[in-house]
Amino acid sequence: TPASFGAAGGCLPNSFSGIHLTGSLLFSALFETLSKLIQENAGENFTTIMIRLRIQKAKDLLATTDYTVTRISELSGYSKPDYFAFVFKKETGMPPSYYRKKQSENQLTPNGSLSHTF
């Protein structure tokens, strides 16, 4: 409700393109519009971009810190370490702990893939 927004609440519109929307529906409509704009301009959808950025952050942390994988999952935006490990493996082809091991052994290329096959 507008009262929950304090003094600024009265400035918020109660409709969007003539359709009465609740706050969550308004957010959903704005998110959908923003996602379409990102897709059109970046060639990737918002979710794909966020996963890529989060995994890159995790790779950087795995290579430069001794943080636990659980801590790195949190710092990368994942609240569940198991899901983080699943996504990391899906995106890189290896679990986070294996990535860290290979990174420390200098067996990864600059893009994070193995420099040779086994």
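Residues numbered from 1 in each chain as written. Predicted model: local features only at pLDDT ≥ 70, side-chain atom pairs only at ≥ 80, totals over all residues. Heavy atoms only, no water.

### Description of the overall build of the protein chain
For the record, the criterion: Put simply, DSSP H or I for four residues or longer makes a helix, DSSP E for two residues or longer makes a strand, and each gets a number counted from the N terminus. Only protein chains enter the accessibility calculation, which uses a 1.4 Å probe; a residue whose area is less than 20% of its type maximum is buried, one above 50% is exposed, and one in between is partly exposed. In these tables, accessible area is a Shrake-Rupley quantity obtained with a 1.4 Å probe, and a residue counts as shielded only by the protein chains included in the view.
Counting its secondary structure elements, the protein chain contains five helices and two strands. Each helix and strand of the protein chain, placed in order from N terminus to C terminus, yields the pattern β-β-α-α-α-α-α. Taken across its 118 residues, the protein chain has 19% of its residues classed as buried. Roughly 8,400 Å² of accessible area belongs to the protein chain as shown, and the carbon and sulfur atoms make up 58% of that amount.

### Side note on helix 2 (residues 46–64)
Cut-off, in case you're wondering: Residue count minus one, scaled by 1.5 Å, sets the expected span of a helix. Polar contact is the term for a pair of N or O atoms within 3.5 Å; when the atoms are in protein, one must be able to donate a hydrogen and the other to accept it, and sequence-neighboring residues count only if both atoms are side-chain atoms.
Look at helix 2: 27 Å from first C-alpha to last across 19 residues, which is about the 27 Å you get at 1.5 Å a residue. When we look at burial in helix 2, the residues that qualify are Ile49, Ile55, Ala58, Lys59, Leu61 and Leu62. In this structure Asn45 caps helix 2, since a side-chain oxygen of it lies 3.1 Å from the backbone nitrogen of Thr47.

### Observations regarding the pattern of salt bridges
Note the threshold: Any carboxyl oxygen of Asp or Glu that lies within 4 Å of a side-chain nitrogen of Lys or Arg is treated as forming a salt bridge with it.
Evaluation of the coordinates by the stated rule reveals five salt bridges. Across the pair Glu74 and Arg71 runs a salt bridge, and its minimum N-O distance is 3.2 Å. In this pair, Glu74 and Arg71 both sit in helix 3 (residues 69–75), three residues apart, roughly one turn of the helix. A relative accessible area of 43% means that Glu74 is categorised as partly exposed. When its relative accessible area of 38% is taken as the criterion, Arg71 is described as partly exposed. A salt bridge links Lys101 to Glu105; the nearest nitrogen and oxygen atoms lie 3.8 Å apart. What emerges from the salt-bridge pattern is a single network uniting Lys101, Lys102 and Glu105.

### Some details on the packing of aromatic side chains
What counts, and what does not: Side-chain rings of Phe, Tyr and Trp, where Trp is taken by its six-membered ring, are said to pair if the distance between their centres is within 6.5 Å; with planes under 30 degrees apart they count as stacked, over 60 as edge-to-face, and otherwise as tilted.
Under the defined criterion, the tally for this structure stands at seven aromatic pairs. Ring geometry for Tyr78 against Tyr83: centres 6.0 Å apart, planes inclined by 55°, an arrangement best described as tilted. Note on Tyr78: relative accessible area 6%, which makes it buried. Taking relative accessible area as the criterion, Tyr83 reaches 46% and is therefore assigned partly exposed. Each residue in the set Tyr78, Tyr83, Phe84, Phe86, Phe88 and Tyr99 is aromatic and connected to the rest through ring pairs, giving one cluster.

### Side note on the nonpolar core
It is characteristic of soluble globular proteins that their nonpolar side chains tend to be buried jointly. Keep this limit in mind: By nonpolar core we mean a set of buried residues, namely Ala, Val, Leu, Ile, Met, Phe, Trp, Tyr and Cys, connected to one another through side-chain atoms within 4.5 Å. Any two residues whose heavy atoms approach within 4.5 Å at even a single point are treated as in contact.
Membership of the largest hydrophobic core is limited to 12 residues, which are Ile55, Ala58, Leu61, Leu62, Ile72, Tyr78, Phe84, Val87, Phe88, Met94, Tyr99 and Leu108. Secondary structure elements with two or more residues in this core: helix 2 and helix 4 (81–92). With four residues, the top contributor of residues to this core is helix 2. Leaving out residues up to four positions away in the same chain, Phe88 has contacts with Ile55, Ala58, Lys59, Leu62, Gly93, Met94, Pro95, Pro96 and Tyr99.

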